[in-house]
Amino acid sequence: MANIDLELSKKITNILADGIKKNYRDFYYLAYFLSEDEELAVNTVKDCIKAGIYNARKIQDVPPIKTWFYQDLIAICDRRKKSERKHTNLYRNKLMKKMLDLDIIKRATFILYFYEEFETARVAKILRLKEAEVQQNLKYIYKELGLKNGHCKQDESKIDEMLVSYRTPSVPNYLRGEIQDVIEHEQAQNVSYFTRGRRSRFIRSVFAVAILVLAAYLLIKGNLF
């Protein structure tokens, strides 16, 4: 932590901000798929961005944007009480409707693997699972959806239709503006954090010097008398 300064934090948060603006639609699609509600999806995306920019003050290198944000996004959705989750009729695809009967982690597994096209090792990292557990989740999904193995020609056609349905929710027009507000607010908070830290370190240094000067004065005075 001591090696991270304001300029490094600014650089990292700027990179994160660019990545967020580039990928926020994908963040929203996943948040909506897991929460089935526009307001919950928007709030989840904003909460993830707040956490991401906040944590930028603690890191020295920029992690893969989607890996980092998806970890928080899925964790937030998974912690949410079942009573808070909604049920949408927006997805018309029959297999997508079946997906909504699965738990959050299995839904996320499917999207990360097929929509994002992440390798199972990366999916496992995001979901904080063993790779074998991800592979087991995929087998379970295939069985529940009546798919053979997810990669044969017939399965691929069905999955393509599912992914079209996955992008059905319209991303709210106001979301980009709210995301920009969150980014600017968190960036200002980070600047304030480092400014306070510098001021605090300066005061401690002055105080330490004053103590040393006083000690030296008392020592000299004691020797004189």
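Residues numbered from 1 in each chain as written. Predicted model: local features only at pLDDT ≥ 70, side-chain atom pairs only at ≥ 80, totals over all residues. Heavy atoms only, no water.

**Describing the pattern of salt bridges**
Alright, step 1. If you walk through the whole model with that rule in mind, you get five salt bridges.
Alright, step 2. Arg-107 serves as the salt-bridge partner of Glu-36, at 3.2 Å between the closest nitrogen and oxygen. Of this pair, Glu-36 sits in the loop between helix H1 (6-35) and helix H2 (38-55) while Arg-107 sits in helix H5 (residues 104-115); the two residues are 71 residues apart in sequence, bridging distant segments of the chain. Both residues of the pair, Glu-36 and Arg-107, belong to the buried class.
Alright, step 3. When salt bridges that share partners are traced, they join Asp-26, Lys-66 and Glu-116 into one network. (Salt bridge = Lys/Arg side-chain N within 4 Å of Asp/Glu carboxyl O. Helix = DSSP H or I, 4+ residues; strand = E, 2+ residues; numbered from the N terminus. Buried < 20%, exposed > 50% of the residue type's maximum accessible area, 1.4 Å probe, protein only.)

**With respect to helix H3 (residues 65-79)**
Alright, step 1. Its 15 residues give H3 an end-to-end C-alpha distance of 22 Å, which sits within 8% of 21 Å, the value for a rise of 1.5 Å per residue.
Alright, step 2. By the criterion of burial, H3 is predominantly enclosed, with eleven of the 15 residues buried.
Alright, step 3. Of the surrounding secondary structure, the elements contacted by the buried residues of H3 are H1, H2, H5 and helix H6 (120-127). (Expected span 1.5 Å × (residues − 1). Contact = heavy atoms within 4.5 Å.)

**Re H1**
Alright, step 1. Here H1 spans only 36 Å end to end across 30 residues, well under the 44 Å set by a 1.5 Å rise per residue.
Alright, step 2. At Asn-23, H1 is deflected by roughly 60 degrees, the largest bend along its length.
Alright, step 3. Phi for Glu-36, located one or two positions after H1, is positive at around 60 degrees. (Bend = angle between axes of the 7 residues up to and from the residue.)

**As for the side chain of Asn-93**
Alright, step 1. Mapped onto the elements, Asn-93 comes out in the loop between H3 and helix H4 (94-99).
Alright, step 2. Engagement of the side chain of Asn-93 in a polar contact is seen with the backbone nitrogen of Leu-95, the distance being 2.9 Å.
Alright, step 3. Non-local contacts of Asn-93, meaning those with residues more than four positions away in its chain, are made with Glu-161, Met-162 and Ser-165. (Polar contact = N/O pair within 3.5 Å; in protein donor to acceptor, adjacent residues only side chain to side chain.)

**Some details on the nonpolar core**
Alright, step 1. Counting residues in hydrophobic clusters, the biggest one holds 63 residues, and the most contacted among them are Phe-33, Ile-49, Phe-69, Leu-73, Ile-74 and Phe-110.
Alright, step 2. Top contributing element to this core by residue count: H1, with 13 residues.
Alright, step 3. When neighbours within four sequence positions are excluded, Phe-110 is seen to be in contact with Met-99, Tyr-115, Ile-141, Leu-145, Ile-159, Met-162 and Leu-163. (Core = buried A, V, L, I, M, F, W, Y, C linked by side-chain atoms within 4.5 Å.)

**As for the packing of aromatic side chains**
Alright, step 1. One pass over the full model with this rule turns up twelve aromatic pairs.
Alright, step 2. Between Tyr-32 and Tyr-91 the ring centres are 6.1 Å apart and the planes differ by 75 degrees, which places this aromatic pair in the edge-to-face class. Of this pair, Tyr-32 sits in helix H1 while Tyr-91 sits in the loop between H3 and H4, and the two are 59 residues apart along the sequence. With respect to class, Tyr-32 is no different from Tyr-91; both count as buried.
Alright, step 3. Ring geometry for Phe-33 versus Tyr-166: centroids 5.5 Å apart, planes at 85 degrees, classification edge-to-face. (Phe/Tyr/Trp six-rings, centres within 6.5 Å; stacked < 30°, edge-to-face > 60°.)

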